[in-house]
Amino acid sequence: MENPTIQLGNNSWATKKDKLLAYNKDAQDRFQAIELDFARSSLKNVTNRSGYLSEIAVGNPAIDFLDNPSGALLLEPSSTNLIPDSNEIISLGTGIIDLNNAISLDGTQNALKITFGSGGNSGGRFSTLNSACLPNTQYTMSFYAKSLVGDGSFRVRMDYDTSLGSYENFTSTNEWVLYQYTFTTDASANNFANSSRVTSLTANNEILFYEFQLELGTVATSRIKTSGGIATRTQDTASKSGLTNYINSIEGVFYFELATLTNIFSTSESISISDSSTSNRLFFRFQNTNQLDFTSVISSSTGAFISTTLSDAKSYNKIAVYWSQSTFKLFINGVLINTDDRGLSFSANTLNRVAFDSGSGGAKLNGKVKDLRVYDTALTDQELTDLTS
């Protein structure tokens, strides 16, 4: 198999401010950097190679090593942490709060400890929480926890200005674990209330907590630290145009390995090769529940279209599309899904942009990307099977 003309990731990551470095390796194994343009106007916190949460500077791409020793580019939507003080909580009932009790996942002594009292209503509450919320709307609460003493059980309740919420039960272990749950707000709710709490039905349990996060939607995103007010992390974007010399519009292969952040899509998310518009493009669209659609658009006319349902879009999938003249083939995880021959093909030097969007900036992808490659030759079926296996 020939070298790809564009490769990103595959355990070879390089980043700098506003740039994500892909590369080209020629037949003599000489490397040439290809800089993708990257944007995010806020800080970000991800797991580094050592297993600690690390703060990523404004404009720098985030390579996340959570449960993945090779690392993955983490692309996330804009999200707001509605808890004004994400690492603070005050005593409730006979609960005892010890701030800055232990070393947390960011390597500093800032994990808080709750020693739970008896009766089921002791623990801690979010004293500064008064953020606006929408009625009948899904929100996601997430946090890290680690058991020190006892059976590790605890429960979380999010309250509103109009009513009390329902408890969600958890059991922590002796390792740091990210816990999360999604709930629907009350029909008349306007604000979250500072009576929202963390309690336990088991007296004398001692549990460490780190970085509570409450955000709109069904996805728990990377930590958005707050102190004295809510905070927003902005959308990640990555793309590169001017790649005509690396993309063969007549024939080639577009391959990637990624996992999306959700498998139920309220809006579509895409990854594409295009001419920097939506008039000429090869693009994948994730939508509905685990649905993946591949479409080729040539001079604003739809060419090939192949639709399939993934077993789980949130798991890593190896996906490749082959194009040669008017023939398109879709391979996923070592299997030929379908072939489409519509009699439409790109003119030479048409395609020039690779992006984590639908072709011109819309339908941005949110996910974890391990690997992305572009080949300027049409690989064989066996090569495509091997590549995606």
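Heads up: the structure comes first, above all this text.
Cut-offs used in this document
- Residues numbered from 1 in each chain as written.
- Predicted model: local features only at pLDDT ≥ 70, side-chain atom pairs only at ≥ 80, totals over all residues.
- Heavy atoms only, no water.
- Helix = DSSP H or I, 4+ residues; strand = E, 2+ residues; numbered from the N terminus.
- Rg over C-alpha atoms; globule rule 2.2 N^0.38 Å.
- Buried < 20%, exposed > 50% of the residue type's maximum accessible area, 1.4 Å probe, protein only.
- Areas by Shrake-Rupley, 256 points an atom, 1.4 Å probe, with all protein chains shown as cover.
- Lys, Arg positive; Asp, Glu negative; His and termini not counted.
- Charge placed at Lys NZ, Arg CZ, Asp CG, Glu CD.
- 1 Å grid on protein atoms, 1.4 Å probe; cavity = no way out; pocket = protein on both sides within 12 Å on 5 of 7 lines; lining within 4 Å.
- Points joined across faces, edges and corners; volume = space filled by probe spheres on them.
- Nonpolar A, V, L, I, M, F, W, Y, C, P; charged D, E, K, R; others polar.
- Arc of directions from axis to C-beta.
- Contact = heavy atoms within 4.5 Å.
- Salt bridge = Lys/Arg side-chain N within 4 Å of Asp/Glu carboxyl O.

Caption draft 1: Highlighting the overall build of the protein. Along the backbone of the protein there are one helix and 31 strands. Over its C-alpha trace the protein gives a radius of gyration of 24 Å, about what one expects of a compact globule, namely 21 Å for 389 residues. Dimensions of the protein, computed from C-alpha atoms along their principal axes, come out at roughly 75 × 45 × 35 Å. Relative to its full complement of 389 residues, the protein shows a buried share of 53%. Accessible area for the protein stands at about 15,600 Å²; split by element, carbon and sulfur atoms hold 44% of it. With 29 positive and 38 negative side-chain charges, the protein shows a separation of 2 Å between the mean positions of the two kinds.

Caption draft 2: Spotlight on empty space enclosed by the protein. Under the definition given, this model contains one cavity of 30 Å³ or more. In this structure, the largest cavity encloses a volume near 30 Å³. In terms of lining residues, the largest cavity is bounded by I6, L8, A22, L36, K240, L243, V354 and L372. Here the lining of the largest cavity is built from residues that sort into seven nonpolar, no polar and one charged.

Caption draft 3: Up close: helix α1 (residues 381-388). Residues of α1 that are buried: L384, L387 and T388. Buried residues in α1, looked at end-on, bunch into an arc of 85°, giving them a common side. On its buried side, α1 packs onto β22 (251-260), β27 (317-324), β28 (327-332), β29 (335-341) and β31 (367-375).

Caption draft 4: Up close: the pattern of salt bridges. In the structure shown here, the tally under the stated rule is 14 salt bridges. Across the salt bridge formed by K16 and E35, the nearest N and O atoms sit 2.8 Å from each other. On the criterion of sequence distance, the pair formed by K16 in strand β2 (residues 15-16) and E35 in strand β4 (residues 31-39) is long-range, its members being 19 residues apart. E35 sits in the partly exposed class, given a relative accessible area of 26%. Put simply, D106 and K225 hold a salt bridge, and the shortest N to O gap is 3.1 Å. With D106 in the loop between β11 (96-103) and β12 (109-115) and K225 in the loop between β19 (206-216) and β20 (231-233), this residue pair connects regions lying 119 residues apart in the sequence. Using a relative accessible area of 18% as the deciding quantity, one classes D106 as buried. Owing to a relative accessible area of 34%, K225 belongs among the partly exposed residues under this scheme. Within the structure, one salt-bridge network assembled from shared partners comprises R40, K44, E76, R233 and D236.

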